[in-house]
2 protein chains.
Amino acid sequence: MYRKASYGSELDQLIQLLSKLPGLGPRSARRAALQLIKRKDSIMRPLSTALAEVAEHVNPCSTCGNLDTSDPCHICEGDRRDRTTICVVEDVADLWALERSGTYRGLYHVIGGTLSALDGVGPDDLNISPLIERAREDLVTEVIIATNATVDGQTTAHYITDRLKDSSVTVTRLAHGVPVGGELDYLDDGTLTAAMSSRRPF
Amino acid sequence: MYRKASYGSELDQLIQLLSKLPGLGPRSARRAALQLIKRKDSIMRPLSTALAEVAEHVNPCSTCGNLDTSDPCHICEGDRRDRTTICVVEDVADLWALERSGTYRGLYHVIGGTLSALDGVGPDDLNISPLIERAREDLVTEVIIATNATVDGQTTAHYITDRLKDSSVTVTRLAHGVPVGGELDYLDDGTLTAAMSSRRPF
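Computed from a prediction, not measured in an experiment: that's the story for all the values here.

## Focus on the UniProt feature "zinc finger region: C4-type" (unreviewed entry) in chain A
Next, step 1: The feature "zinc finger region: C4-type" (unreviewed entry), as given by UniProt, occupies residues 61-76 of chain A in the numbering adopted here.
Next, step 2: Between the end C-alpha atoms of residues 61-76 of chain A the distance is 8 Å, and the span holds 19% helix and 12% strand.

Right, here's the structure in full:
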């Protein structure tokens, strides 16, 4: 019997690695491998090079945790950034989302996750103590906590607020409310309650 | 304003290439890039190497169109394969599916797609003429047409059958019927009609 699929060991290895990417299972990894082979010069070889480049040159910023080729990163070093404000995010993806929105021009601090009793993630597993140090710097006047509006995210926000209460900074958090473009009928009660209690003059 | 997302040019390039893989959009490409950076040694560098290896060494077999590091491929060269039978498939993914099932031990022929008036794919765009040549070899007695049961797949099957009618081989096709584990209530009329008209003694 030929039960074991044998695409050749190189292809097997490639498919196995591709299937570890988030969003790709075994079947889509096989499809991706075939598509890559069909487009060797336009995607496959450039992707190989890009992976090696990023693995070599991109590292977390030792100040804020952002990913960049330089350390400190281009945001920490940027001469047009507002150095009085630090925005705390869970993950680099959240930092990217805020940058895309173009709404914020201060500094960031990536804590690298949330506190989670279930997953055994404690304060020492996150990048929180360096944040407390940064908040003590004279220039910093405000820390905006932009963790996700999940239970773990909010627990982490409360923990950080608590740790910051001895410093002189103002601690704020993102507003809860109706998402722009959202329909009331589809929103959960928690969001509606938050939106109602934070209502503002028209 | 900072409208343009700026992750650094290396990361931008990587995310853009990843988003071209089937099954990954811009958002999942960003997530994949972050996960890769978190697991540089276990996934990122090996994936870069695997891509380069496959791009360098894996090519279509000049006989059957299967992808392999050797040409002819390990199936065409395999000394335990039945050389009297050629199974015609649309794509290498279909060949892999048949190999995984372990049901077939003859040779293959990958035609590389289907005829499609809509997409302007004619017989000369597919790997069909070499199949007709192979079917003329003395050893070959049967050609199994295993194109997909789609309109284009069936059109292509009819076209190939027509081209093969001057040769001495028997032309067969995969049976249509109820998929194993399938529930009648969820099947389309075409499948039920095919299953009924091809019914067999119990």
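Still more to cover.
## Some remarks on the nonpolar core
Next, step 1: Membership of the largest hydrophobic core comes to 76 residues, with the highest contact counts inside it found for Leu14(A), Leu18(A), Leu11(B), Leu14(B) and Leu18(B).
Next, step 2: Every residue in contact with Leu18(A), bar those within four places of it in the chain, is listed here: Leu24(A), Ala29(A), Ala32(A), Ala33(A), Leu36(A), Leu21(B) and Leu47(B).

## Let's talk about the packing of helix 3 (residues 40-57) of chain A against helix 1 (residues 9-18) of chain B
Next, step 1: Taken N-terminus to C-terminus, the directions of helix 3 of chain A and helix 1 of chain B make an angle of 145°; their axes are 9 Å apart at the nearest point. In the crossing of helix 3 of chain A with helix 1 of chain B, the sense of the turn from one axis to the other is left-handed. Mapping the contact onto sequence places Ser42(A), Ile43(A), Pro46(A), Leu47(A), Ala50(A), Leu51(A), Glu53(A) and Val54(A) in helix 3 of chain A and Glu10(B), Leu11(B), Gln13(B), Leu14(B), Leu17(B) and Leu18(B) in helix 1 of chain B.
Next, step 2: The residue inventory of the contact of helix 3 of chain A with helix 1 of chain B, partitioned by class, reads ten nonpolar, two polar and two charged.

## A closer look at the sheet that holds strand 5 (residues 142-145) of chain B
Within a sheet, neighbouring strands are paired by backbone hydrogen bonds and run either parallel or antiparallel to one another.
Residues and elements named next belong to chain B.
Next, step 1: Here four strands make up an open sheet; going across it, the order is 4-3-5-6 and the pairing parallel. The open sheet has two free edges, formed respectively by strand 4 (106-110) and strand 6 (170-173), since each of these has just one partner strand. Averaged over all adjacent pairs, the angle separating strand axes in this sheet is 25°, with direction ignored.
Next, step 2: Two elements, strand 5 and strand 6, share four bridges in a ladder whose sense is parallel. The partner of Val-143 across the bridge, within strand 6, is Val-171.
Next, step 3: Contacts from helix 5 (residues 92-101) reach strand 3 (82-89) and strand 4 within the one sheet, and its direction differs from that of strand 4 by about 160°.

## Some thoughts on the relation of the copies chain B and chain A
There are two copies of the chain, and a rotation about an axis plus a shift along that axis relates them.
Next, step 1: When chain B is fitted to chain A, the residual RMSD is 0.0 Å, and the transformation amounts to a turn of 180° plus an axial shift of 0.0 Å. What the rotation and shift describe, once combined, is the action of a two-fold rotation axis. Among all residues of chain B, the one whose C-alpha sits closest to the rotation axis is Ser48(B), at a distance of 2.1 Å.
Next, step 2: The fraction of interface residues of chain B whose copies in chain A are also interface residues reaches 100%, indicating that both copies meet through the same surface.

## Considerations on the interface of chain B and chain A
Next, step 1: Residue-level contacts link 58 residues of chain B with 58 residues of chain A.
Next, step 2: For the pair chain B and chain A, the summed buried area comes to about 5,600 Å², and 67% of that belongs to carbon and sulfur atoms.
Next, step 3: The salt bridge partner of Lys38(A) is Asp91(B), with a shortest N-O separation of 3.8 Å.
Next, step 4: The interface formed by chain B and chain A holds nine residue pairs in polar contact (both at pLDDT 80 or more) in total.
Next, step 5: Of all the secondary structure elements, the ones that give two or more residues to the side of chain B that touches chain A are helix 1, helix 2 (26-38), helix 3 (40-57) and helix 5 of chain B.
Next, step 6: Top element by residues in the side of chain B that touches chain A is helix 3 of chain B. It accounts for 15 residues.
Next, step 7: Tallied by class, the residues present in the side of chain B that touches chain A amount to 31 nonpolar, eleven polar and 16 charged.

## Examining the environment of Asn127(B)
Residues and elements named next belong to chain B.
Next, step 1: For Asn-127, the position within the fold is in the loop between strand 4 and helix 6 (129-135).
Next, step 2: Taking relative accessible area as the criterion, Asn-127 reaches 24% and is therefore assigned partly exposed.
Next, step 3: Measuring from C-alpha to C-alpha, the distance between Asn-127 and Gly-112 comes to 6.4 Å, with 15 residues separating the pair along the chain.
Next, step 4: Residues contacting Asn-127, with those up to four places away along its chain left out, are Cys-64, His-109, Val-110 and Ile-111.

## Let's talk about the UniProt feature "domain: Toprim" (unreviewed entry) in chain A
Next, step 1: Taking the numbering used here, the UniProt-annotated feature "domain: Toprim" (unreviewed entry) corresponds to residues 84-179 of chain A.
Next, step 2: Structurally, residues 84-179 of chain A is divided into 31% helix and 20% strand, and its ends, taken at the C-alpha atoms, are 28 Å apart.

## Let's talk about the packing of aromatic side chains
All names here are of chain A.
Next, step 1: Scanning the model with the defined rule gives two aromatic pairs over all chains in all.
Next, step 2: Geometrically, the ring pair formed by Tyr-104 and Tyr-108 is edge-to-face, given 5.2 Å between the ring centres and 70° between the ring planes. Across this residue pair, the class does not change: Tyr-104 and Tyr-108 are buried.

## With respect to the side chain of Ser116(A)
All names here are of chain A.
Next, step 1: Along the polypeptide, Ser-116 turns up in the loop between strand 4 (106-110) and helix 6 (129-135).
Next, step 2: The buried category is assigned to Ser-116, whose relative accessible area is 5%.
Next, step 3: In this view, Ser-116 contacts Val-121 and Asp-152; residues no more than four positions away in its chain are not counted.

## Concerning the domain arrangement of chain A
Next, step 1: In terms of domain boundaries, chain A breaks down into domain 1 (9-57) and domain 2 (67-173).
Next, step 2: For domain 1 of chain A and domain 2 of chain A, the distance between their C-alpha centres works out to 33 Å.

## Thoughts on the sheet that holds strand 5 (residues 142-145) of chain A
All names here are of chain A.
Next, step 1: The four strands lie next to each other as 4-3-5-6, forming an open sheet whose pairing is parallel. Edge strands, defined here as strands with exactly one partner in the open sheet, are strand 4 and strand 6 (170-173). For this sheet, the mean inter-axis angle between neighbouring strands, taken without regard to orientation, is 25°.
Next, step 2: By the bridge criterion, four bridges tie strand 3 (residues 82-89) to strand 5 in an arrangement that is parallel. Across the sheet, Cys-87 pairs through a bridge with Ile-144, a residue of strand 5.

## Description of the pattern of salt bridges
All names here are of chain B.
Next, step 1: This model, assessed by the stated rule, comprises ten salt bridges over all chains.
Next, step 2: Where Arg-81 meets Glu-99, a salt bridge forms, and the shortest distance between an N and an O atom there is 2.9 Å. On the criterion of sequence distance, the pair formed by Arg-81 in the loop between helix 4 (74-77) and strand 3 and Glu-99 in helix 5 is long-range, its members being 18 residues apart. The pair Arg-81 / Glu-99 is uniform in exposure class, with both members buried.

Thresholds, definitions, all that
Residues numbered from 1 in each chain as written. Chains lettered and ligands numbered in written order. Predicted model: local features only at pLDDT ≥ 70, side-chain atom pairs only at ≥ 80, totals over all residues. Heavy atoms only, no water. UniProt positions renumbered as here; feature names shortened; annotations may be inferred. Helix = DSSP H or I, 4+ residues; strand = E, 2+ residues; numbered from the N terminus. Core = buried A, V, L, I, M, F, W, Y, C linked by side-chain atoms within 4.5 Å. Buried < 20%, exposed > 50% of the residue type's maximum accessible area, 1.4 Å probe, protein only. Contact = heavy atoms within 4.5 Å. Axes fitted to C-alpha atoms, helices over the stretch in contact; angles between N-to-C directions. Left-handed = near helix turned anticlockwise from the far one by under 90°. Nonpolar A, V, L, I, M, F, W, Y, C, P; charged D, E, K, R; others polar. Pairing = 2+ DSSP bridges. Least-squares fit on C-alpha atoms with pLDDT ≥ 70 in both. Buried area = accessible area lost by both parts, 1.4 Å probe. Salt bridge = Lys/Arg side-chain N within 4 Å of Asp/Glu carboxyl O. Polar contact = N/O pair within 3.5 Å; in protein donor to acceptor, adjacent residues only side chain to side chain. Phe/Tyr/Trp six-rings, centres within 6.5 Å; stacked < 30°, edge-to-face > 60°. Domains from an automatic or database assignment.

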